Amino acid sequence: QVQLVNSGGGLVQTGGSLRLSCAASGRTFNSYAMGWFRQAPGKEREIVAAISWSGGSTYYPDSVKGRFTISRDNAKNTLYLQMNSLKPEDTAVYYCAARYGTRLYTSDAEYDYWGQGTQVTVSS
């Protein structure tokens, strides 16, 4: 079993930046593909970014492409999401997720393990 702990959320002004972290334990971290999802009130949970277990492949939806960057440090068993040029519509609870696999996974139904989430609020 894999345990994931989210951190790094907070309040930031429009145009600002935040760096989210996800610390993993319980199994070999570099054997797992990982992703970031978010959910705002009244909206469906959506993919924000995904990364392969080697870190060699990434995915971003159009809504965040060019602003967000996913990365991983397997030596530290930690996943990151760097968020730049933040907008009010980025306000949501952000979750990290993991599953065993060698490729990118972009659907929440494909992930087995989830962090507890961290709130990101972007003021106007």
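Attention here is on the structure that accompanies the text.

**Things to note about the overall build of the protein chain**
For the protein chain, the count of helices and strands is zero helices and 11 strands. If you list the helices and strands of the protein chain from N to C, you get β-β-β-β-β-β-β-β-β-β-β. Relative to the 2.2 N^0.38 estimate, which gives 14 Å for 124 residues, the radius of gyration of the protein chain is 13 Å and therefore close to what a compact globule would have. Projected onto its principal axes, the C-alpha coordinates of the protein chain cover approximately 40 × 25 × 25 Å. Put simply, the protein chain has 124 residues, and 44% of those count as buried. Counting contacts in the protein chain only where the partners sit at least 6 residues apart, residues at least 24 apart contribute 60% of the total. As displayed, the protein chain has an accessible area near 6,100 Å², and 45% of this comes from carbon and sulfur atoms. Here the protein chain carries 12 positive and 9 negative side-chain charges, and the mean point of each set is 5 Å from the other.

**Overview of the packing of aromatic side chains**
Counting across every chain of the model gives seven aromatic pairs. Residues Tyr32 and Tyr100 carry aromatic rings whose centres are separated by 5.9 Å and whose planes lie at 85° to one another, so their mutual orientation is edge-to-face. Placement of Tyr32 in strand 4 (residues 32–39) and of Tyr100 in strand 9 (residues 92–100) is noted, with a sequence separation of 68 residues between them. Aromatic pair Tyr32 and Tyr113: ring centres 6.3 Å apart, planes at 65°, arrangement edge-to-face.

**Some points on the environment of Gly15**
Structurally, Gly15 is set in the loop between strand 2 (10–13) and strand 3 (18–25). For the pair Gly15 and Ser85, spaced 70 residues apart in sequence, the C-alpha to C-alpha distance is 4.1 Å. Excluding anything up to four places from it in sequence, Gly15 contacts Ser85 and Leu86.

**Topic: the nonpolar core**
It is characteristic of soluble globular proteins that their nonpolar side chains tend to be buried jointly. With 29 residues, the main nonpolar core has Leu4, Trp36, Leu81, Met83 and Tyr94 as its most contacted residues. Listed by contribution, the elements that provide at least two residues to this core are strand 3, strand 4, strand 5 (46–51), strand 7 (68–73), strand 8 (78–83), strand 9 and strand 11 (118–123). Look past the residues within four positions of Leu4 in its chain and what remains in contact with it is Cys22, Ala23, Ala24, Met34, Cys96, Ala97, Ala98, Tyr113, Trp114, Gly115 and Gln116. Counting seven residues, the second-largest nonpolar core is a separate cluster that includes Ala33, Ile47, Ala97 and Tyr105.

**Comments concerning the pairing of strand 11**
Every second residue of strand 11 is oriented toward a common face, the buried set being Thr118, Val120 and Val122 and the non-buried set Gln119, Thr121 and Ser123. Bridge analysis of strand 2 against strand 11 gives four bridges, and the strand direction is parallel. Within strand 11, the position partnered with Val12 by the bridge is Val122. Two strands pair when backbone bridges link them, and strand 9 and strand 11 are joined in this way by three bridges, in the antiparallel orientation. Opposite Ala92, over in strand 11, you have Val120 as the bridge partner.

**Overview of the pattern of salt bridges**
Following the criterion strictly, the structure yields six salt bridges and no others. Taken together, the salt bridges that share partners define one network made up of Arg38, Glu46, Arg67 and Asp90.

Rules used throughout
- Residues numbered from 1 in each chain as written.
- Predicted model: local features only at pLDDT ≥ 70, side-chain atom pairs only at ≥ 80, totals over all residues.
- Heavy atoms only, no water.
- Helix = DSSP H or I, 4+ residues; strand = E, 2+ residues; numbered from the N terminus.
- Rg over C-alpha atoms; globule rule 2.2 N^0.38 Å.
- Buried < 20%, exposed > 50% of the residue type's maximum accessible area, 1.4 Å probe, protein only.
- Contact = heavy atoms within 4.5 Å.
- Areas by Shrake-Rupley, 256 points an atom, 1.4 Å probe, with all protein chains shown as cover.
- Lys, Arg positive; Asp, Glu negative; His and termini not counted.
- Charge placed at Lys NZ, Arg CZ, Asp CG, Glu CD.
- Phe/Tyr/Trp six-rings, centres within 6.5 Å; stacked < 30°, edge-to-face > 60°.
- Core = buried A, V, L, I, M, F, W, Y, C linked by side-chain atoms within 4.5 Å.
- Pairing = 2+ DSSP bridges.
- Salt bridge = Lys/Arg side-chain N within 4 Å of Asp/Glu carboxyl O.

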